[in-house]
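This is what each chain is made of:
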Amino acid sequence: MSRLFKQTYSDRRGKKRESAKWYGEFADHADTTRRLALFTDRRASESALRSIEALVALKQGGERPDRDLERFLDEVPIRILQRLAEWGVVESKRLARTNPIDQQLAEFAKAVKGRGVSERRIATLEQRLSAFLDRMNARRLADITTERIERALSDLESEKAAPHTRRGYVQALGQFVKWAVGRGLLSSNPCAGLGEIRGGVQTERRSLDPEEQRWLLLAAETGDTLSGTHKGRAWSLTGPERALAYLLVLRTGIRRGELLGLVRGDFDLAGDTPTLRLDAERTKARKAAVFHLPKDLAERMREHLRHKATDAPAFSFGDPTKLAGIVRADLQRARDQWLEAAGADAEERIKREKSAFLAPKGVDLHTLRTTYISDLARAGVPLAQAMRLARHSTPHLTAAVYSRFGASDERSALDRLDALHAAPAAPERERATGTDGQPLRLVGDDGEVSGRPAGRFGGEESRRSEKNSASADASTPGGAEAQGEVNTGFAGESGRGGIRTRGTGLGPYAALAKRCLQPLGHPTK
C-alpha cells in the first residue's frame, strides 16, 4: 500500500513542524518499502505517486512505459529520476537525459563524424543546434518539447528570420533528436508534431540545353586567364582549363566537392577504357565510384595532365567560394557572344535580348551536374540506369528533382508526338494486295463504318474472314505466334468493335508498344 504524507520534525526550539514537501511511500518491484520526497503541491504529489506505482507494476511485468509515463519521466525533476534509477524502478541509462545538453551535443557530433560527414558540415550542424537550443532555453534533453520548439520558431518569425533559416534550425534539431531517440535518451520525437514551414523564394536550379552547353564551353575556352591568391598561395586558371573542367562535369556528373579534390592519380587514361576513380572517402554517399570517360574527353584530359605529378591537383581553381561566380561570368560571356552573333538584324537582336537563353541567374557548378542528369533523360536512358549513373538513392530524386527541361525540350517532345501519329509506311503484304494508302476504319457490331458498309473488313464477310483465320491458326503448330504475328493483349485489336490496321491484324498500339520497349544505350557509348 502506498501513502502520501508530510513528515514532522522538531525545530531548534523543540517545536513540532511539518515538512514543506509531500512524501510518497510505496513498495518497489522487490517489495522493498521506499520513501521519496515529491512536491509542495498535494495534487502534483498524488499524480507523481500514481505514476511511480504504475512504473513499479510495469517493472514487475517486464513491460515498457506508455506515452504518458514516458512524458512523466521526461519532465520529472532530476533528483526523483536519480532515486528511481538507483532503486531499479527505471533503467539507469535514463540518467543520461539529465546530463548537460553540451555534453549530449559533443556525443552527437562524435557519432556524426563517425558516419564520414565532413568537418564543415559538422561545424554548421553544431552552430545551428547551439543557437536554436539556446533560444529554447534547453539545458537538458527533457527541455526539448514541441511547445518550446514552436515558441522558438514563432520568435524567429517575429524577428523576420527567413523561412529557409527556420527550416535549417528544425532540420538540425531533427537530426539530433532522432539520434537521441535511437539511443533511448528520448522516448519520442518532439519534432514529429511540427507543421511545415512554408514560404520563402527558392531559385529553382535549371539545366542547360545542348546548344547552351556548346556556347558555354566556347566562351570559357576563349576566355581570359583568372588568377589570385587563396590562403597565401597563388593560383591561375586558364580558359581552356575551365572549359575542360566544365566538360568533365557535363560528361560524368561529378559533384563540386569531388571536382575540387581531383588529383592526377585519380585518372586512368591508358588503354581502351579510360576511367576516373574516386575512393569512398571523397564521395557524398561514402561509396567508391568509377566514371567511364568518352574517348574525346579522355584525350583532352590526357593532354592536360601530361606534365602533372600523381598527387598534383587536376585543376587550379584557387578559392572554391568564387567558383559559382566564375561559372556565371563564363555564361554571361557566352550570352554576350550569342547576342553579338545576331549581327545587324535588329529584330533578331531584340528577340534574343528578351530570351532566357544562356541567362546566368541561378547558375552555378552544380547546374552542370543537373544538366548531365537531364541529358540522360533527353537521350532516353532508362530511369533505373540513370539513377545509378547519377549515384542517387531513389529514382524520384533523379526524375523529379534533377531532370530539368526547357521550352526547346518541350517542342522536341511534341515533334516526336507528331511523328508518332504520322501514317506509317505500308507493309509489303498491303502493297501486294493493293490495299496500301487506304484509311483506317472503325468496325462496329453491325458491320458498318460511319453508316456505310465496311466492305471486305466489316459485316458478315469480315466475320467469315476471322473464322477462316482462326482455323488456319489452329491448323498451324504454334498458331499465330509461329507465323511471326504478335498479340499484345489490348482489347479490341482483333475483335469486333475495335480499331484494326488493314492486312496486319495488329492494332496501332501494338507497334507503339514494340517501339517503346526497345532498350536505349548510354549516350556516351
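Use the structure listed above.
Quick caveat: nothing in here was measured; it's all calculated off a predicted structure. (Residues numbered from 1 in each chain as written. Predicted model: local features only at pLDDT ≥ 70, side-chain atom pairs only at ≥ 80, totals over all residues. Heavy atoms only, no water.)

## Points about the overall build of the protein
Tallying secondary structure elements over the protein gives 21 helices and 14 strands in all. Considering only contacts in the protein between residues 6 or more positions apart, those separated by 24 or more positions represent 58%. When the accessible surface of the protein is summed, it comes to about 31,400 Å², and 50% of that surface belongs to carbon and sulfur atoms. (Helix = DSSP H or I, 4+ residues; strand = E, 2+ residues; numbered from the N terminus. Contact = heavy atoms within 4.5 Å. Areas by Shrake-Rupley, 256 points an atom, 1.4 Å probe, with all protein chains shown as cover.)

## Brief notes about the nonpolar core
Judged by nonpolar contacts, the single largest core of 45 residues is most densely connected at Tyr246, Leu248, Leu259, Leu262, Phe267 and Phe315. Breaking this core down by element, the ones donating at least two residues are helix H8 (210-221), strand E7 (233-237), helix H9 (239-252), strand E9 (275-278), strand E10 (289-292), helix H11 (295-304), helix H12 (323-340) and helix H14 (365-378). Apart from residues no more than four positions distant in its own chain, Leu259 is found in contact with Leu248, Val249, Ile254, Phe315, Phe317 and Leu365. (Core = buried A, V, L, I, M, F, W, Y, C linked by side-chain atoms within 4.5 Å. Buried < 20%, exposed > 50% of the residue type's maximum accessible area, 1.4 Å probe, protein only.)

## Quick notes on H9
With 14 residues, H9 extends 20 Å from end C-alpha to end C-alpha; this agrees with the ideal 20 Å at 1.5 Å per step. With twelve of 14 residues buried, H9 lies mostly within the body of the structure. Within the sequence span of H9, burial applies to Gly239, Glu241, Arg242, Ala243, Leu244, Ala245, Tyr246, Leu247, Leu248, Val249, Leu250 and Thr252. Among the residues of H9, the N-terminal cap falls to Thr238, whose side-chain oxygen and the backbone nitrogen of Glu241 are separated by 3.2 Å. Looking at the residues trailing H9, positive phi occurs at Gly253, about 75°. (Expected span 1.5 Å × (residues − 1). Polar contact = N/O pair within 3.5 Å; in protein donor to acceptor, adjacent residues only side chain to side chain.)

## A closer look at the sheet that holds strand E1 (residues 3-5)
In space, the three strands of this open sheet follow the order E1-E4-E5, with antiparallel pairing throughout. Edge strands, defined here as strands with exactly one partner in the open sheet, are E1 and strand E5 (33-37). Between one strand axis and the next, the sheet turns through 20° on average, direction left out of account. Where strand E4 (residues 23-27) meets E5, five bridges bridge the pair, whose relative direction is antiparallel. Looking across to E5, one finds that Tyr23 is bridged to Ala37. Packing of helix H1 (residues 42-61) onto the sheet brings it into contact with E1, E4 and E5, and relative to E4 it is tilted by some 15°. With respect to the sheet, helix H3 (residues 78-86) is in contact with E4 and E5, its orientation differing from that of E5 by roughly 165°. (Pairing = 2+ DSSP bridges. Axes fitted to C-alpha atoms, helices over the stretch in contact; angles between N-to-C directions.)

## Topic: the side chain of Ser51
Along the chain, Ser51 turns up in helix H1. Residue classification places Ser51 among the buried residues on the basis of a relative accessible area of 14%. Sequence-distant contacts of Ser51, defined by excluding residues within four places in its chain, comprise Leu69 and Phe72.

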